[in-house]
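# Fold and geometry: a report
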Amino acid sequence: MSHLLVTGGAGFIGANFVHYWRARHPDDTVTVLDALTYAGNRASLAGANAVDFVEGDIRDTALVETLLRDRGIDRIVHFAAESHVDRSIHGPAAFIDTNIIGTMSLLTAARSVWLAGDGSPHRFHHVSTDEVYGSLGAEDPPFSESTAYAPNSPYSASKAASDHLVRAWHHTYGLEVTTTNCSNNYGPYQFPEKLIPLFLINALHGRPLPIYGDGMQIRDWLHVEDHCRGIEAALLRGRPGEVYNIGGGAEMPNIAVIDTLCSAVDAAFVGDPTLAARFPDAPAASGKPTSRLKTSVSDRPGHDRRYAIDERKARAELGYAPARDFATGFAATLNWYLDNEGWWRGVLDGSYRTWVETNYAAR
Ligand code: NAD
Ligand code: DAU
């Protein structure tokens, strides 16, 4: 039995991880620490049993120390971050504060509590990104764990710095750490600023689908549940001090993702006549192709051209393999957004900020 602290557990991947972990490790205790920034959503944790939610900031070292000590926490799974590249271009300071200073604060707390104790087993698992490796050319080999760091955005630079801090706390102080660097996630509960949920919701409203530049940037798409499976494998079988790359084995140019999305929305409206009444502004509601919403806009500054993951180490050492291909994962994701309109409407109208007060007011 383990006691987990999940930072950023009200965000997209963190919330999926909490649901995943609760279902598979019912005897463990789970505490979520989340500052509820714009990206934090308590509604994403609805239905996750026996999760203790603490609203707080990872930069509050004293708070983290108290949580670790009082609850006997022996594993930290660190998701909390500013995560959106576009936001980092407009306001890098928050990325430095949360991703770098915040990670140092957690490491400081973990060191002071865990390494001052009786030396019992512990684990600090750091969730990072393939963006730290920079941008690949069309013919370059995929990123491996020994690829040199070359971050290009304020976001990826801040994540790279946090990765180095985690490494240093292991080598200098002996903290037992693992890091996973993974590719683009998609799935339930993703904030609609990222490509897939933004475009799905825009398609349902008949709004433009803004394609940056030529749309030929390549990403490796990973269903969030496969990412959770990879983190679980690293927690249970990863060697302290090691880094593992996690990918989805689904390298695709953005335009191919967008075309898949447009066709899938069209097919959903054909298959379910009630969608036309629910989303009358969608082109598909009047039999027109969703693809007519595709709109070219100026490119993201410093836009990385291609990411790709060499995950042989995770496969060999952790037994990791993604269970879903993109077609299956995307179909499930579209269904989730159609079935959970209340979740994303709450984000669009801002009511997700008061979800707890609204849903638990009478209790
Ligand atoms: P997200 O933006 O959806 O969620 C981030 C969460 O962190 C939110 O709940 C937010 O409230 C919380 N948070 C922010 N600052 C905090 C602070 N100072 N203290 C406590 N909580 C704070 O992010 P995500 O997409 O779920 O990403 C989670 C992690 O995975 C991040 O570290 C990100 O860099 C990494 N990652 C994401 C992807 C992806 O495709 N989304 C891919 C690779 C790696
Ligand atoms: O690679 C892992 C990273 O994936 C994570 O570390 C980040 O936290 C996560 O946000 C994601 O970064 P990206 O920048 O790749 O994701 P985003 O969804 O913002 O964009 C995906 C691609 O789609 C990218 O090439 C930019 C493009 N795009 C995005 C948006 C929001 C568009 O063309 N139009 C858009 O409106």
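Our structure's up above, just so we're on the same page.
Scope of this entry: the structure provided in the associated data block. By convention here, each chain's residues receive numbers from 1 onward along its written sequence. The lettering of chains begins at A and the numbering of ligands begins at 1, in the order of writing. Reporting in this predicted model follows two pLDDT cut-offs: at least 70 for local features of residues, and 80 or more for side-chain atom pairs to be given and counted; totals over whole chains, interfaces and linings ignore these cut-offs and use all residues. Calculation of side-chain values draws on the structure's entire complement of heavy atoms; hydrogens and water are dropped beforehand.

### Overview of the site of ligand 1
Close to ligand 1 lie 29 residues, the nearest being Ile13, Asp34, Ser83, Tyr155 and Lys159. Polar contacts here mean pairs of N or O atoms no more than 3.5 Å apart (in protein, one a potential hydrogen donor and the other a potential acceptor; neighbouring residues in sequence count only if both atoms are side-chain atoms). Here Ile13 contributes a backbone N or O atom positioned 2.8 Å from an oxygen atom of ligand 1. Asp57 places a side-chain nitrogen or oxygen 2.9 Å from a nitrogen atom of ligand 1. Using the Shrake-Rupley algorithm and a 1.4 Å probe, accessible areas are obtained, with residue cover drawn only from the displayed protein chains. Relative to its unbound accessible surface of 830 Å², ligand 1 loses 96% to contact with the protein. The helix count covers DSSP runs of H or I at least four residues long, the strand count covers runs of E at least two residues long, and both are numbered beginning at the N terminus. Put simply, the parts of the chain that give the shell around ligand 1 at least two residues each are helix 1 (12-24), strand 5 (123-129), helix 5 (154-173) and strand 7 (184-186). It is strand 5 that contributes the most residues to the shell around ligand 1, three residues altogether. Tallied by class, residues from the shell around ligand 1 come to 13 nonpolar, 12 polar and four charged. Residues are labelled near a given molecule or strand when at least one of their non-hydrogen atoms is within 4 Å of it. Gly is placed with the polar residues, together with every amino acid not listed as nonpolar (Ala, Val, Leu, Ile, Met, Phe, Trp, Tyr, Cys and Pro) or charged (Asp, Glu, Lys and Arg).

### Observations regarding unusual backbone geometry
Its identity as a non-glycine residue notwithstanding, Leu36 has a phi of 50 degrees, on the positive side. The residue Leu36 is located in the loop between strand 2 (29-34) and strand 3 (51-55) in this model. A positive phi angle is found at Tyr189, which is not glycine, with a value near 70 degrees. Here Tyr189 lies in the loop between strand 7 and helix 6 (195-205).

### Considerations on the pairing of strand 6 (residues 177-182)
Under the scheme applied here, a residue whose accessible area is under 20% of the maximum for its type counts as buried, over 50% as exposed, and between as partly exposed, the area being computed with a 1.4 Å probe on protein chains only. Across the six residues that make up strand 6, a large majority, six, are buried. Residues Val177, Thr179 and Asn181 point to one face of strand 6 and Thr178, Thr180 and Cys182 to the other, with burial holding for every one of them. What makes two strands pair is DSSP finding at least two bridges between them. As judged from the six bridges shared by strand 5 and strand 6, these two strands associate in the parallel manner. Across the sheet, the residue bridging to Ser128 is Asn181, located in strand 6. By convention, orient the strands away from the viewer: a clockwise path from the first strand over the helix to the second makes the crossover right-handed. Handedness of the crossover is the feature at issue here: the chain leaves strand 5, passes through helix 5, returns alongside strand 6, and the resulting connection is right-handed.

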